[in-house]
Amino acid sequence: MVRVLTPFEYFEPKTVEEASNLLRDYGEKVRVLAGGVDLLARIRRREIQVEGLVCIQRIPGLDYVRQDSEGLKIGALTTLRTLERSQEVRENYRLLFDAIHSIHSIQVKNMGTAVGNLCIATPASDVAVSLLALDAQMKIAGPSSERSMPLENFYLGVKRTALQPGELVTGILVPPLPKGSFGAFMKLVRTATDIAKVNVAVRATLRNGGCEEVRIALGSVAPTIVRARKAEEALRGTRLEREAVVEAAERAAEEVNPITDIRSTAEYRREMVKVLTRRAVEKIKVEAGVKG
Amino acid sequence: MSEFSWVGKPHPPLKMEGVPKVTGEAIYTVDVKLPGMLVGKILRSPHPHAKILRIDKSKAERLPGVKAVLTFEDIPKVKYASSFRDMPMATSGTLQPPDQYVLTDKARYVGDPVAAVAAVDEYVAEEALKLIEVEYEPLPAVFTIDDALKPDAPQIHDHAKGNIAAHVKYPFAQGDVEKGFAEADCVVEGTFFVPRQVGAHLEPQACTAYVDPTGKVTVWSPCQLTFPLRRELAKIFSLPEGMINVVTPFVGGSFGTRLSLYCEPIAIALAMKTGKPVKIVHSKEEDFSTLETRTADRVTVKAGFKKDGTLIAMQMKVYTWAGAYAARAYLAGPILLMWGLGHYRCPNTDGECFVVYTNTTPAGAMRGYGNPEASTVVEQIMDMAAEKLGIDPVELRLKNVKKAGEPSNLGPCPIESTYEDECIRIGAERIGWWEKRKLKKQEGVKRRGLGMAAMMHCSGAWPLLIEHSSAMIKFNEDGSVNMIINPAFPGTHCWTTLAQIAAEELGISPEDVHVVTGSTDTAMFDLGSHASRTTYVTGNAVLEAAREAKRQLLERASKMLGVSPEELTVKDGRVFVKADPSKGLTIGEIARSTIWDLKGESFNISGKASWSSRYSSPPTGAYFTEVEVDTETGEVKVLKFVVVIDCGRVINPMTVEGQIQGGISQGIGYALYEDYVINKKTGVVESDNFNTYRIATNYEMPEEIEIIFINKPDPKGPFGAKGVGEPAMVGVAAAIANAVYDAIGVRLRELPITPEKILKALKEKEKG
Ligand SMILES: Cc1cc2nc3c(=O)[nH]c(=O)nc-3n(C[C@H](O)[C@H](O)[C@H](O)COP(=O)(O)OP(=O)(O)OC[C@H]3O[C@@H](n4cnc5c(N)ncnc54)[C@H](O)[C@@H]3O)c2cc1C
């Protein structure tokens, strides 16, 4: 029943180091403010209590998207809209583009950063699911050190990340995609602008008609986004024959642990993991020209 | 060439109505700011049912910046009816019993107001709420119709035994239904559940109140029924009506939700206590969990037909899921019977409705007032009957629709005009009904289906309610007029429509009609905006007032020109002799010299009129849709809508089209997405904002929408117009439900038709 923001202290560090020191000194009481799309709404709804906000918008050099030999690099202040409009993303990382493009609100994409989206640590993130299928790495800075970590290890639970006190995310690295890679992103929603009931990102690398490598990432069906490893195994080394695809889809449905909430039921979500996984692989087959 | 200058022509919103909205300058109730204004906030019960044993407000009162804290002990202990007990039911004579206190000593739903504060700002007000200590004695609570009707259910109100707020028999029953069923060749029966729906207007509920040193109360409120609101407030505070002025600024949507009274008395009580203006603005969460929703109803229908499709008997039993207070559910439930049983010609009808109290958010009116509910049920029953009889659904409806002169759906007065049959025929043709149904194959993952619904609604609620509106029109020196009227303007652009009516009669441009509105002190009585009445009822008052003003204008001109008034006419701002158009005067010349008459015979050319409608001209129509159902995911995509509407003569095609598009959107939401979720254990509304409660947006609209107007004048409407605001959504959900059945062969008896429910139903069907 409340709308106003609660009073808070406001910091505008000029460097990552300064930001990180503030985070270390104030600990749990402060939060990083990037676009503020998610954070401010939560404060208004009194879901979280903060005493201070560390706004990183004044730190130079965090708003970029570029591709080089190491892969696609995204800064902590790069908005979803910038990524959606980037030619590199659209042409070379179609899976990421498709996921971002599926978010309908232009306003949210103009304000919201990709890193902020990932740091919310909701299992429903479309961005996170597609980046998981792309083997993305999180670049993390602490008061005295930097490290990087696979996105896969970044989540500990609902709204919980592996960030240590004093740490913030500075960017994302998406490694170069091997030749013959194809991706498919799919989601089910109540209405187009809603958060996903279930989302699936599949990336497969094909060589000579065989599936050399594959990632199946699933969202909204467990406390964190998850990889369906058994399902991946069912596809790896096959020629994506229909039986293998069906088998993989069944396994994926067994691997997840969905719940019933206001958006959908556990039963439906499990069933849809099967349907979407199958459809995503079939879409890849069509795109790659794989028969059968 | 049309015989009219303005009527029937697309007209963009009047500048004064449209420009402030698109530039963001429009003042809504939430924008009202007065010097020294305080912020009011409401402490609401966290319990669905609880006695308040003790309230201690002393800590809150001591907080610096707090100007007043009120509990039930500080407020007149007068019961009121949120839907205005004085809305007289002309036919039945029943009035809603007052069952609600401004601040309560017994909470009956999660959100029931128990205390209120006024403070210097939002922060202090919020802090103060936390400092009010309330000791509750929680009582057992019931959240569903079934639980509330159990013999050992807790009693929510002392006056309502068994939690029955009302038991109403269908007042227009005919013949003998049992005999009818016995004579029928085919009987279909079904029980359906139609859900709550939220108005979901963008502007939150709000109110600002100010009491001046003489005791005069001014209230800014988005209420759709300003005069009934004033009367109810007068009763609560034992004030004469004249001591209250209700001001209605622009209204940011309402859809029926704002037919009732909400935080107005709390704001007034706080303003009385502090001597300062007090403004209360709801959060979205408060809007979703405390404003009246569309009622949910469990409806059983039985219908008997002859082999040739003639409907000969129909019976309905309705359980209306009211909330903690009877509110508008008290009327909406029983009126559902009238829409359902009165739509088609039927010699034997019978029905009853139980309105059931529960410990949930009050339910009441929303666009259509029971008709989308009735339509969802009865139009599916019609399709079930058509299948059983082996008759095309289109033919079955054509066989049973009423003709002009037969009794209307809302009672014994005759239908003034109806072209429902024409609507159905045209719609069927436009969507390709017969071809597509012949070609259809039921195979593959994605299956298409066609569905339809026929519709009859009302233009104002006569003879159920008194339908009284007034208008005043006065000429200015420049030949323009002020039109002083006061229905509320919830975004339907009826200023423009009403200005077109006045302009047509007066021979001026609609932009020369300066609308003055928005306060009970300035305008004569108007019941308000409800029941698709504004164009039909207020429009007739405007037309009468314009006729009177025109009579005076021509009389004055006749003296100035030396010809008789009968020889004169007025067009494009000029009065002239019919036989010799060169001989004439501009309206400005006439008006100016009448106001500033050097001979000492000054007066202001003006007209005023009250219109008390004694007619019912039901708008009718037909909705056709094509949908695609994904049988693996259960998703429904609405591909196309064809709406054929008979709303009499269309005054402004642009605004009517807008209403129909909006109706399709709201109907799609009702059919497929909108789900009002109340926690079964706590009674808390879980779908309490736009994130959790989904309405349809542009993305859910069908790619193809065809809107066709019959555009034939009704004998009683102004220039032949009938209502259209509510009809726009009435049959949408029913058509979708029928199309889903056509696509996949399963009928879901509960809205919203979600993918989850579809898959479950498909699985059950497979199992056999
Ligand atoms: C209406 C609406 C619709 C949406 N639809 C979708 C959708 O369909 N799919 C989807 O995936 N998402 C969706 N979102 C989520 C949206 O994409 C995110 O809210 C947004 O991207 C968050 O970014 P931000 O920069 O505003 O983060 P903020 O709100 O500023 O921060 C979010 C959280 O991350 C933390 N944080 C931010 N940056 C860092 C950092 N560099 N290091 C450490 N912690 C950090 C903050 O402290 C905070 O806890 C939707 C949101 C809304 C409001």
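Residues numbered from 1 in each chain as written. Chains lettered and ligands numbered in written order. Predicted model: local features only at pLDDT ≥ 70, side-chain atom pairs only at ≥ 80, totals over all residues. Heavy atoms only, no water.

**Brief notes about the site of the ligand**
All names here are of chain A.
Link 1 in the chain: Around the ligand sit 30 residues, and of these V32, G35, G36, T113 and D126 come closest.
Link 2 in the chain: In the model, an oxygen atom of the ligand is placed 2.7 Å from a nitrogen or oxygen of the G35 main chain.
Link 3 in the chain: Take D126: an N or O atom from its side chain is 2.7 Å from a nitrogen atom of the ligand.
Link 4 in the chain: Its free accessible area being 980 Å², the ligand has 86% of it covered by the protein chains.
Link 5 in the chain: Taken together, the elements giving at least two residues each to the shell around the ligand come down to β2 (30-33), α2 (37-44), α7 (114-119), α8 (126-133) and β10 (168-174).
Link 6 in the chain: Residue contributions to the shell around the ligand peak at four residues, all from α7.
Link 7 in the chain: Across the shell around the ligand, the residue classes tally to 18 nonpolar, seven polar and five charged. (Near = heavy atom within 4 Å. Polar contact = N/O pair within 3.5 Å; in protein donor to acceptor, adjacent residues only side chain to side chain. Areas by Shrake-Rupley, 256 points an atom, 1.4 Å probe, with all protein chains shown as cover. Helix = DSSP H or I, 4+ residues; strand = E, 2+ residues; numbered from the N terminus. Nonpolar A, V, L, I, M, F, W, Y, C, P; charged D, E, K, R; others polar.)

**Details of the packing of aromatic side chains**
Two descriptors summarise a pair of aromatic rings, namely the distance from one centre to the other and the angle between the planes of the rings.
Link 1 in the chain: Overall, the coordinates contain 13 aromatic pairs over all chains when judged by the stated rule.
Link 2 in the chain: Ring geometry for F250 of chain B and W495 of chain B: centres 5.5 Å apart, planes at 40°, overall tilted. Highlighted residues: F250 of chain B in the loop between β11 (244-247) and α7 (264-274) and W495 of chain B in helix α14 (residues 494-506), separated in sequence by 245 residues.
Link 3 in the chain: Among the aromatic residues, those joined into a cluster by ring pairs are Y28, F250, F489 and W495 of chain B.
Link 4 in the chain: Here R66 of chain A stacks its cationic end above the ring of Y64 of chain A, 4.6 Å away from the centre of that ring. (Phe/Tyr/Trp six-rings, centres within 6.5 Å; stacked < 30°, edge-to-face > 60°. Lys NZ or Arg CZ within 6 Å of the ring centre and 35° of its normal.)

**Some remarks on the domain arrangement of chain A**
Residues and elements named next belong to chain A.
Link 1 in the chain: Annotation of chain A at the domain level lists domain 1 (9-55), domain 2 (65-174) and domain 3 (181-287).
Link 2 in the chain: For domain 1 versus domain 2, the separation of C-alpha centres amounts to 19 Å.
Link 3 in the chain: Every contact between the two is made by 13 residues of domain 1 and, on the other side, 13 residues of domain 2.
Link 4 in the chain: Interface of domain 1 and domain 2: buried area, both sides summed, is about 1000 Å²; carbon and sulfur atoms make up 73% of it.
Link 5 in the chain: Seen at the junction of domain 1 and domain 2, the total is zero salt bridges.
Link 6 in the chain: Where domain 1 packs against domain 2, one counts two residue pairs in polar contact (both at pLDDT 80 or more). (Domains from an automatic or database assignment. Contact = heavy atoms within 4.5 Å. Buried area = accessible area lost by both parts, 1.4 Å probe. Salt bridge = Lys/Arg side-chain N within 4 Å of Asp/Glu carboxyl O.)

**Regarding the pattern of salt bridges**
Link 1 in the chain: A complete count under the given rule lists 72 salt bridges over all chains for this structure.
Link 2 in the chain: Notably, a salt bridge pairs R207 of chain A with E212 of chain A, separated by 3.4 Å at the nearest N-O pair.
Link 3 in the chain: Linking R437 of chain B and D742 of chain B is a salt bridge whose minimum nitrogen-to-oxygen distance equals 3.8 Å. In this pair, R437 of chain B is assigned in helix α13 (residues 433-439) and D742 of chain B in helix α19 (residues 732-744), connecting sequence segments 305 residues apart.
Link 4 in the chain: Among the ionic contacts, a cluster of salt bridges with common partners joins D135, E152, R203, E213, R215, R227, R229, E232 and R236 of chain A.

**Digging into the domain arrangement of chain B**
Accessible area lost upon the coming together of the parts is a frequently used measure of interface size.
All names here are of chain B.
Link 1 in the chain: Entries for chain B in the domain assignment read domain 1 (15-26 + 468-612), domain 2 (32-139 + 200-290), domain 3 (141-198 + 295-400) and domain 4 (402-453 + 618-768).
Link 2 in the chain: In this structure, domain 2 and domain 3 have C-alpha centres spaced 33 Å apart.
Link 3 in the chain: With 29 residues of domain 2 at the contact, the number on the domain 3 side is 26 residues.
Link 4 in the chain: Across the interface of domain 2 and domain 3, roughly 2200 Å² is buried in total on both sides, 60% from carbon and sulfur atoms.
Link 5 in the chain: Contact with domain 3 buries area across many residues of domain 2, yet D99, R108 and F255 alone supply 25% of it, more than any other trio.
Link 6 in the chain: At the boundary of domain 2 with domain 3, the tally comes to zero salt bridges.
Link 7 in the chain: At the boundary of domain 2 and domain 3, one finds 13 residue pairs in polar contact (both at pLDDT 80 or more).
Link 8 in the chain: The element best represented in the side of domain 2 that touches domain 3 is helix α8 (residues 284-290), accounting for three residues.
Link 9 in the chain: Tallied by class, residues from the side of domain 2 that touches domain 3 come to 13 nonpolar, 12 polar and four charged.

**A word on the interface of chain B and chain A**
Link 1 in the chain: In this assembly, 32 residues from chain B lie in contact with 28 residues from chain A.
Link 2 in the chain: Roughly 2600 Å² of surface becomes buried between chain B and chain A when both sides are summed, with 52% attributable to carbon and sulfur atoms.
Link 3 in the chain: Counting every contact that joins chain B to chain A gives seven salt bridges.
Link 4 in the chain: Residue R279 of chain A pairs with D630 of chain B through a salt bridge whose shortest N-O separation is 2.9 Å.
Link 5 in the chain: Along the contact surface separating chain B from chain A lie 16 residue pairs in polar contact (both at pLDDT 80 or more).
Link 6 in the chain: Secondary structure elements with two or more residues in the side of chain B that touches chain A: β1 (38-44), α3 (122-131), α8 and α20 (755-767) of chain B.
Link 7 in the chain: Taken together, the residues of the side of chain B that touches chain A sort by class into 11 nonpolar, eight polar and 13 charged.

**Structural notes on α20 of chain B**
Link 1 in the chain: Between its first and last C-alpha atoms α20 of chain B spans 18 Å; for 13 residues at 1.5 Å apiece the expected length is 18 Å, and the two agree.
Link 2 in the chain: Inspection of α20 of chain B places P755, E756, I758, L759, A761 and L762 of chain B among the buried residues, and these make up the whole buried set.
Link 3 in the chain: For α20 of chain B, the secondary structure elements touched by its buried residues are α12 (266-288) of chain A together with β28 (620-630), β29 (636-646) and α19 of chain B. (Expected span 1.5 Å × (residues − 1). Buried < 20%, exposed > 50% of the residue type's maximum accessible area, 1.4 Å probe, protein only.)

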